[in-house]
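The chain contents come next:
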Amino acid sequence: MSEPRATIGTVPLNFTAIDFETANSSPASACSVGLVKVRAGRVVDRASWFIRPPFGHDAFLEWNTRIHGIVAEDVTHAKTWEQQYPDLVAFAEGDVLVAHNARFDMGVIAGGCSATGIDLAEHHSLCSLAVARKTYTLDSYRLPVAAMAAGFEGFQHHDAAADAEACAAIVVHAAGHHGVETVEALGAVTRVAIAPVRARAEKPKAANQPRLSNRPMVFAD
């Protein structure tokens, strides 16, 4: 995992940044998570761990492994989603979850809960990708480019812990840029919704079913 930074800003806002890596195109195939807790604009805690995807969602596609470097052997002895999800909920402490392309990461949370039959906790999310688009004028809004605009660079992209911290840096910097002190105010000024995470209406398709494409999950960051 990448070396963490000491601080990322001074704007007095609170949230938890999150990033997932997945084994394949199933939203239930989370194989790694990174979490960064921000209080008063500063990183006060970090956590990251491997996740063993549930049976049927545990195939590691070559393309995904090329992106994040994680292979099946890395998660053999890791805890499962249902074993670790309570730790994720406890770490976040009810914070707004901030992610770069939040639709993807919140889909992973909903997909993991649906596939394993556990209840989805109450979460709300803010998308740092959408915030970056309303804050900076860039040729690309991928995570490394947006993070550089926020003064945060040199991190290991697609390391979940590093990506979560880069995401946090964007939000803190954007809040300072817009002169706001809460993620709610940042969402309002950029017109980016803080949206509830909703449970899936049906279980995600298992990775061994023919309808699941061999194409990789699309990463917007």
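Undergrad: Even after reading the chapter, I still don't get the overall build of the chain, so can you show me in this structure?
TA: What the chain contains, in helices and strands, is seven helices and six strands. Scanning the chain from its N terminus toward the C terminus, one meets helices and strands in the order β-β-β-α-α-β-α-β-α-α-α-α-β. Counting across all 221 residues of the chain, residues that qualify as buried make up 53%. Sequence-distant contacts in the chain: of pairs separated by 6 or more residues, those separated by 24 or more amount to 74%. Surface exposure of the chain reaches about 10200 Å², of which carbon and sulfur atoms provide 49%.

Undergrad: What's the story with the pattern of salt bridges in this structure? I'm lost.
TA: Side chains carrying opposite charge are able to pair once their charged atoms draw close together. Applying the stated criterion across every chain, the model contains five salt bridges. Close ionic contact of Lys37 with Glu93 constitutes a salt bridge, the shortest N to O distance being 3.1 Å. Here Glu93 lies in the loop between α2 (81-92) and β4 (97-99) and Lys37 lies in strand β2 (residues 30-39), a separation of 56 residues in the sequence. We classify Glu93 as exposed; its relative accessible area is 53%. We note a salt bridge from Asp95 to Arg39, for which the minimum N-O separation is 2.9 Å. On the criterion of sequence distance, the pair formed by Asp95 in the loop between α2 and β4 and Arg39 in strand β2 is long-range, its members being 56 residues apart. Taking relative accessible area as the criterion, Asp95 reaches 13% and is therefore assigned buried. One connected set of salt bridges, linked through shared partners, spans Lys37, Arg39, Glu93 and Asp95.

Undergrad: Please clarify how the packing of helix α6 (residues 160-178) against helix α7 (residues 183-190) should be interpreted in this entry.
TA: Geometrically, a packed helix pair is captured by the angle between its two axes and the distance between the axes. Packing of α6 against α7 leaves a shortest axis separation of 10 Å and a crossing angle of 65°. Crossing geometry of α6 relative to α7 is assigned as left-handed. Of α7, the residues touching α6 (which contributes Val171, Ala174, Ala175 and His178) are Val183, Leu186, Val189 and Thr190. In terms of residue class, the contact of α6 with α7 is made up of six nonpolar, two polar and no charged.

Undergrad: Can you walk me through the nonpolar core in this structure?
TA: Nonpolar side chains tend to gather and get buried jointly when the protein is soluble and globular. Ranked by size, the top nonpolar core spans 59 residues in total, and within it Phe15, Ile18, Phe20, Trp81 and Leu88 carry the most contacts. No other element matches α6, which puts eleven residues into this core. Leave out the neighbours within four places in its chain, and Trp81 touches Phe20, Ala30, Ile51, Arg52, Leu88, Val108, Ile109, Gly112, Cys113, Thr116 and Ile118. Membership of the second largest hydrophobic core comes to six residues, among which are Ala23, Cys31, Ile70 and Ala78.

Undergrad: Is there a simple way to explain the packing of aromatic side chains in this structure?
TA: To describe a pair of aromatic rings, you give the distance between the ring centres and the angle between the ring planes. A full pass over the atoms with the stated rule returns two aromatic pairs. Taking the centre distance of 5.9 Å and the plane angle of 45° together, the rings of Phe20 and Trp81 count as tilted. Here Phe20 is found in strand β1 (residues 15-22), whereas its partner Trp81 is found in helix α2, with 61 residues between them in sequence. Of the two residues, Phe20 and Trp81, neither departs from the other in class, the shared state being buried. With centroids separated by 5.4 Å and ring planes inclined at 20°, the aromatic side chains of Trp81 and Tyr85 adopt a geometry described as stacked. Of the two residues, Trp81 and Tyr85 are both situated in helix α2; the distance of four residues between them amounts to about one turn of the helix. Look at Trp81 and you get buried, because its relative accessible area is 4%.

Definitions and limits used
- Residues numbered from 1 in each chain as written.
- Predicted model: local features only at pLDDT ≥ 70, side-chain atom pairs only at ≥ 80, totals over all residues.
- Heavy atoms only, no water.
- Helix = DSSP H or I, 4+ residues; strand = E, 2+ residues; numbered from the N terminus.
- Buried < 20%, exposed > 50% of the residue type's maximum accessible area, 1.4 Å probe, protein only.
- Contact = heavy atoms within 4.5 Å.
- Areas by Shrake-Rupley, 256 points an atom, 1.4 Å probe, with all protein chains shown as cover.
- Salt bridge = Lys/Arg side-chain N within 4 Å of Asp/Glu carboxyl O.
- Axes fitted to C-alpha atoms, helices over the stretch in contact; angles between N-to-C directions.
- Left-handed = near helix turned anticlockwise from the far one by under 90°.
- Nonpolar A, V, L, I, M, F, W, Y, C, P; charged D, E, K, R; others polar.
- Core = buried A, V, L, I, M, F, W, Y, C linked by side-chain atoms within 4.5 Å.
- Phe/Tyr/Trp six-rings, centres within 6.5 Å; stacked < 30°, edge-to-face > 60°.

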